[in-house]
Amino acid sequence: MLSERRLEVLRAIVHDYVGTEEPVGSKALTERHHLGVSPATVRNDMAALEEEGFIAQPHTSAGRIPTDKGYRLFVDKLAGVKPMTAPERRAIQNFLDGAVDLDDVVGRTVRLLAQLTRQVAVVQYPSLTRSTVRHVELLSLAPARLMLVLITDTGRVEQRMIDCPAPFGETSLADLRARLNSRVAGRRFTDVPQLVQDLTESFDKDDQGTVATVLSTLLETLVEETEERLMIGGTANLTRFGHDFPLTIRPVLEALEEQVVLLKLLGEATDSGMTVKIGHENAHEGLSSTSVVSVGYGSGSEAVAKLGVVGPTRMDYPGTMGAVRAVARYVGQILAES
């Protein structure tokens with residue numbers, strides 16, 4: 001384990017390198033930080049940090065820069081993330097409060113995260129496998145044509161048109177609507193097929209064809225909607241960090257275009273805690289020069305999806321982690337109130 005003093009030197013190196021983009025020398029460290037020891041001691045500490053792989057010397061520069069291992073230790077030993085100021089918190093709330101529906105919430109969250117962190121923002125839509133049914137509405141459009149509206153606890157609304165095998169009266173429709181909601185409202189998507197499997201038989205022979213059609217449409221909607229979707233924004237921010245990517249920015253941009261890669265990056269939504277993946281901890285080769293900060297969000301104690309940012313490993317970790325956490329909290333509040 002590193003001594004507290006060497007950890008302090010590592011923190012100072014990370015702080016200066018993230019702020020100045022310049023490799024850090026022992027003289028500058030002693031001048032800028034109150035380390036309480038001589039430049040010679042700082043030099044010895046830096047030599048030890050380099051030997052253990054926490055910092056490295058880029059080409060012929062006199063200074064040192066943190067490695068993935070150094071950033072990892074820095075993040076693991078963070079005393080706390082940088083809290084948002086009161087005006088920043090108000091700005092987040094006001095911006096997100098204006099959202100009119102789920103797509104708007106996700107779109108605004110992406111823009112906000114990208115602006116706050118000046119990195120690439122990725123927001124996963126609430127996963128319907130972890131969502132519950134708030135209400136199923138059935139509307140009659142014509143004697144043999146219905147509209148099914150599925151509303152989830154996260155505010156997602158899905159509509160489907162249904163052509164019935166025979167005319168379906170208002171009384172039967174009201175009966176189906178009431179019986180369907182009594183079984184599925186407040187229940188998880190994954191439980192619905194089991195809950196409605198014997199519903200068709202409980203109706204008159206004349207209505208069973210239509211009830212079966214409605215149920216199969218509902219189940220199809222649930223299956224379709226469990227496909228994970230996400231939104232990405234702020235890709236142009238990466239161009240500001242061109243020199244942070246060893247060869248070229250292209251592998252990063254190509255990786256960001258692959259939805260599967262991004263979903264893997266964010267990790268399982270059920271893991272709602274803050275995760276920070278640094279450099280080579282990201283399995284995808286194109287992202288080995290980036291860091292990913294992500295956290296779960298949801299309308300209650302359980303996360304329904306993840307959001308996060310992707311940027312160079314030379315990242316303001318306390319600030320980025322603070323912004324990601326604050327935004328996730330507000331999005332969760334909006335979903336709970338929706």
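Note that the structure is a prediction, hence the values are computed from the model and not measured.

### Comments concerning the domain arrangement of the protein
Put simply, an interface is often sized by how much accessible area is lost when its parts join up.
Okay, so step 1: Examined at the domain level, the protein breaks down into domain 1 (4-78), domain 2 (86-126 + 228-337) and domain 3 (132-226).
Okay, so step 2: For domain 1 and domain 3, the distance between their C-alpha centroids amounts to 62 Å.

### Looking at helix 6 (residues 102-117)
Okay, so step 1: For helix 6, with 16 residues, the first-to-last C-alpha span of 22 Å sits near the 22 Å given by 1.5 Å per residue.
Okay, so step 2: Within the sequence span of helix 6, burial applies to Leu102, Asp104, Val105, Val106, Gly107, Arg108, Thr109, Val110, Leu112, Leu113, Ala114 and Thr117.
Okay, so step 3: On its buried face, helix 6 is in contact with helix 5 (86-97), strand 3 (120-124), strand 7 (230-233), strand 10 (305-312) and helix 12 (317-337).
Okay, so step 4: The N-terminus of helix 6 is capped by Asp101, whose side-chain oxygen sits 3.3 Å from the backbone nitrogen of Asp103.
Okay, so step 5: Taken from the residues just after helix 6, Arg118 is the one with a positive phi, measuring 55 degrees.

### A word on the environment of Ala305
Okay, so step 1: Residue placement: Ala305 occurs in strand 10.
Okay, so step 2: For Ala305, a relative accessible area of 0% gives the class buried.
Okay, so step 3: Distance in space between the C-alpha atoms of Ala305 and Pro193 is 23 Å, their sequence separation being 112 residues.

### Structural notes on the packing of aromatic side chains
Okay, so step 1: Inspection of the entire model under this criterion finds one aromatic pair.
Okay, so step 2: Here the basic side chain of Arg108 rests over the ring of Phe95, its NZ or CZ set 5.4 Å away from the ring centre.
Okay, so step 3: One residue, Arg229, lies across the ring of Tyr125, its end atom 4.1 Å from the ring centre.

### Brief notes about the UniProt feature "domain: HTH deoR-type" (unreviewed entry) in the protein
Okay, so step 1: The UniProt record marks residues 34-62 with the feature "domain: HTH deoR-type" (unreviewed entry), using the residue numbering of this structure.
Okay, so step 2: Within residues 34-62, the helical portion is 45% and the strand portion 7%, while the C-alpha atoms at the span's ends are 21 Å from each other.

### Side note on helix 7 (residues 170-184)
Okay, so step 1: Helix length check: helix 7, at 15 residues, gives a terminal C-alpha distance of 21 Å against a target of 21 Å (1.5 Å per residue), a fit within 8%.
Okay, so step 2: For helix 7, the full list of buried residues reads Ser172, Leu173, Leu176, Leu180, Asn181 and Val184. Buried residues of helix 7, seen end-on, are gathered within an arc of 155 degrees and therefore sit on one face of the element. Away from the buried face of helix 7 by more than 90 degrees, exposed residues Thr171 and Ser182 are located.
Okay, so step 3: Looking one or two places after helix 7, you find Gly186, whose phi comes out positive at around 80 degrees.

### Looking at the pattern of salt bridges
Okay, so step 1: Counted by the stated rule, this structure contains 17 salt bridges.
Okay, so step 2: Measuring nitrogen to oxygen at the nearest pair gives 3.4 Å for the salt bridge that ties Glu4 to Arg11.
Okay, so step 3: Looking at Arg11, the relative accessible area reads 23%, which means it is partly exposed.
Okay, so step 4: Two residues, Glu31 and Lys27, come together in a salt bridge whose shortest N-O distance is 3.0 Å.

### Looking at the nonpolar core
Okay, so step 1: Judged by nonpolar contacts, the single largest core of 58 residues is most densely connected at Leu29, Tyr297, Leu307 and Tyr317.
Okay, so step 2: Tallying contributions element by element places helix 12 first for this core, with eleven residues.
Okay, so step 3: Leaving out residues up to four positions away in the same chain, Tyr297 has contacts with Val123, Gln124, Tyr125, Pro126, Ala303, Val304, Ala305, Lys306, Leu307, Ala328, Val331 and Leu335.

### Quick notes on the pairing of strand 6 (residues 157-163)
Okay, so step 1: Across the two faces of strand 6 the burial differs, with Glu158, Arg160 and Ile162 buried and Val157, Gln159, Met161 and Asp163 not buried at all.
Okay, so step 2: Sheet topology places strand 5 (residues 145-152) next to strand 6; seven bridges connect them, and they run antiparallel. Considered in strand 6, the bridge of Leu150 is made with Glu158.
Okay, so step 3: Remark: four residues form the turn of the hairpin made by strand 5 and strand 6, two consecutive strands paired antiparallel; Gly155 in that turn has positive phi of roughly 85 degrees.

### Focus on the sheet that holds strand 6
Okay, so step 1: The three strands are arranged 4-5-6 in an open sheet whose pairing can be described as antiparallel. Looking along the sheet, the strands with just one partner apiece sit at the ends: strand 4 (133-142) and strand 6. In this sheet, neighbouring strand axes are inclined to one another by 20 degrees on average, regardless of whether the strands run parallel or antiparallel.
Okay, so step 2: In this structure, strand 4 lies alongside strand 5, joined through eight bridges in antiparallel fashion. Counterpart to Glu137 in the pairing with strand 5 is Val149.
Okay, so step 3: Contacts from helix 7 reach strand 4 and strand 5 within the one sheet, and its direction differs from that of strand 4 by about 165 degrees.

### Side note on the sheet that holds strand 10
Okay, so step 1: Read across the sheet, five strands follow the order 7-3-10-9-8 without closing on themselves; strand pairing throughout is antiparallel. In this open sheet, the two strands that pair with only one neighbour each are strand 7 and strand 8 (275-278). This sheet shows a mean twist of 15 degrees between the axes of neighbouring strands, independent of strand direction.
Okay, so step 2: In terms of strand pairing, strand 9 (residues 290-297) meets strand 10 through eight bridges, oriented antiparallel. Paired with Val295 across the bridge in strand 10 is Leu307.
Okay, so step 3: Running over the sheet, helix 11 (residues 259-266) touches strand 3, strand 7, strand 8, strand 9 and strand 10 and is turned about 95 degrees from strand 7.
Okay, so step 4: Packing against the sheet, helix 12 makes contact with strand 8, strand 9 and strand 10, and its axis sits at approximately 25 degrees to strand 9.

Conventions used here
Residues numbered from 1 in each chain as written. Predicted model: local features only at pLDDT ≥ 70, side-chain atom pairs only at ≥ 80, totals over all residues. Heavy atoms only, no water. Domains from an automatic or database assignment. Helix = DSSP H or I, 4+ residues; strand = E, 2+ residues; numbered from the N terminus. Expected span 1.5 Å × (residues − 1). Buried < 20%, exposed > 50% of the residue type's maximum accessible area, 1.4 Å probe, protein only. Contact = heavy atoms within 4.5 Å. Polar contact = N/O pair within 3.5 Å; in protein donor to acceptor, adjacent residues only side chain to side chain. Phe/Tyr/Trp six-rings, centres within 6.5 Å; stacked < 30°, edge-to-face > 60°. Lys NZ or Arg CZ within 6 Å of the ring centre and 35° of its normal. UniProt positions renumbered as here; feature names shortened; annotations may be inferred. Arc of directions from axis to C-beta. Salt bridge = Lys/Arg side-chain N within 4 Å of Asp/Glu carboxyl O. Core = buried A, V, L, I, M, F, W, Y, C linked by side-chain atoms within 4.5 Å. Pairing = 2+ DSSP bridges. Axes fitted to C-alpha atoms, helices over the stretch in contact; angles between N-to-C directions.

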